[in-house]
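Read off the chains here:
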Amino acid sequence: MTAQYKVLCVCLGNICRSPTAEAILRHYCDQHGLAVMVDSAGTSNYHPNKAPDARSQQHAIKRGYDLSALRARQIRLEDFVEFDLILAMDHDNFDDIQALSQKAIQKFGIAQIRAKIALMSEHDPQFSQQAVPDPYYGGRDGFERVLDQCESSSQAWVEIFKKQLKAGLQDLI
């Protein structure tokens, strides 16, 4: 199935939240037969080409999500041209992505920019407009919260995608 729509999940370092969101959103899109390609990146370049945090992997695998093949990368200006939707894990990431989008507009021109920017929790009825909290410096509860919130938000996005399929996935948010 060729992807009709491309989504990029973004957090700070791309080793905890955004790879978790990537795997979960991909899972739900695949489960519903949606032609959506999902990737992830970080606003920083702290962990280039590193695997997701071992704790993220341990908690995710218990719920059936395998993060082991994913590798961290930094968001690029080209992502604003290549992706249809960029999902920020928190408000700081959202602001950083917005600022970067202005640089992408300067480089490529407004007509070339495809990506819309939203919070991961934009349409989530359980965690509406809430940041996906960074679990990096916390304990196991933080990683479980990331999984809970990414599952809930991903399901909400899948419902949006399903509704928009008939409209050709235009004007998603």
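Treat the numbers as computed from the prediction; the structure is a model and nothing was measured.

Caption draft 1: The arrangement of the layout of surface pockets in detail. Considering only enclosed or pocket space, the largest pocket measures out at about 160 Å³ in volume. What lines the largest pocket is simply Cys11, Leu12, Gly13, Asn14, Ile15, Cys16, Arg17, Tyr46, His47, Asp134, Tyr136 and Tyr137. Its residues assigned to classes, the lining of the largest pocket comprises 7 nonpolar, 3 polar and 2 charged.

Caption draft 2: Region of interest: the packing of aromatic side chains. The tally for this structure, following the rule as stated, stands at 3 aromatic pairs. Between Tyr5 and Phe161, the aromatic rings sit 5.6 Å apart at their centres with planes inclined by 55 degrees, giving tilted as the arrangement. Remark: Phe161 occurs in helix α5 (residues 140-165) and Tyr5 occurs in strand β1 (residues 5-11); sequence separation between them is 156 residues. The class for Tyr5 is buried, based on a relative accessible area of 3%. With 5.9 Å between their ring centres and 35 degrees between their planes, Trp157 and Phe161 make a pair best called tilted. Here Trp157 pairs with Phe161, and both are found in helix α5, just 4 residues apart, close to one helical turn. Across the pair, exposure class does not vary: Trp157 and Phe161 are buried alike. Put simply, the rings of Tyr5, Trp157 and Phe161 pair up and form one aromatic cluster. Above the plane of the ring of Phe83 lies Lys6, whose end atom (NZ or CZ) is 5.4 Å from the centre.

Caption draft 3: Layout of the sheet that holds strand β2 (residues 36-42). Overall, parallel pairing links the 4 strands, which are arranged β2-β1-β3-β4 in an open sheet. Looking at which strands have only one partner, the edges of the open sheet turn out to be β2 and β4 (116-119). Taken over all neighbouring pairs, the strand axes of this sheet differ in orientation by 25 degrees on average, direction set aside. Taken together, the 4 bridges between β1 and strand β3 (residues 85-88) define a ladder with parallel strand orientation. Opposite Val7, over in β3, you have Leu85 as the bridge partner. Contacts from helix α1 (residues 17-31) reach β1, β2 and β3 within the one sheet, and its direction differs from that of β2 by about 175 degrees. Here α5 sits on the sheet in contact with β1, β2, β3 and β4, set at roughly 160 degrees to β3.

Caption draft 4: Looking closely at the pairing of β2. In terms of burial, β2 is a largely internal element, 5 of the 7 residues being buried. As a crossover connection, the stretch from β1 through α1 into β2 is right-handed.

Caption draft 5: Looking closely at the environment of Gly64. Secondary-structure assignment places Gly64 in the loop between α2 (54-62) and α3 (79-82). C-alpha of Gly64 to C-alpha of Ser44: the two residues are 20 residues apart in sequence and 28 Å apart in space.

Caption draft 6: Molecular detail of unusual backbone geometry. Positioned with a positive phi, Asn14 is a non-glycine residue whose angle comes to about 65 degrees. Looking at the element boundaries, Asn14 is found in the loop between β1 and α1. Given a relative accessible area of 2%, Asn14 falls into the buried group. Notably, Asn49 is not glycine yet its phi reads approximately 60 degrees, a positive angle. In this fold, Asn49 is placed in the loop between β2 and α2.

Calculation criteria
- Residues numbered from 1 in each chain as written.
- Predicted model: local features only at pLDDT ≥ 70, side-chain atom pairs only at ≥ 80, totals over all residues.
- Heavy atoms only, no water.
- 1 Å grid on protein atoms, 1.4 Å probe; cavity = no way out; pocket = protein on both sides within 12 Å on 5 of 7 lines; lining within 4 Å.
- Points joined across faces, edges and corners; volume = space filled by probe spheres on them.
- Nonpolar A, V, L, I, M, F, W, Y, C, P; charged D, E, K, R; others polar.
- Phe/Tyr/Trp six-rings, centres within 6.5 Å; stacked < 30°, edge-to-face > 60°.
- Helix = DSSP H or I, 4+ residues; strand = E, 2+ residues; numbered from the N terminus.
- Buried < 20%, exposed > 50% of the residue type's maximum accessible area, 1.4 Å probe, protein only.
- Lys NZ or Arg CZ within 6 Å of the ring centre and 35° of its normal.
- Pairing = 2+ DSSP bridges.
- Axes fitted to C-alpha atoms, helices over the stretch in contact; angles between N-to-C directions.
- Contact = heavy atoms within 4.5 Å.
- Right-handed = clockwise from strand over helix to strand, strands pointing away.

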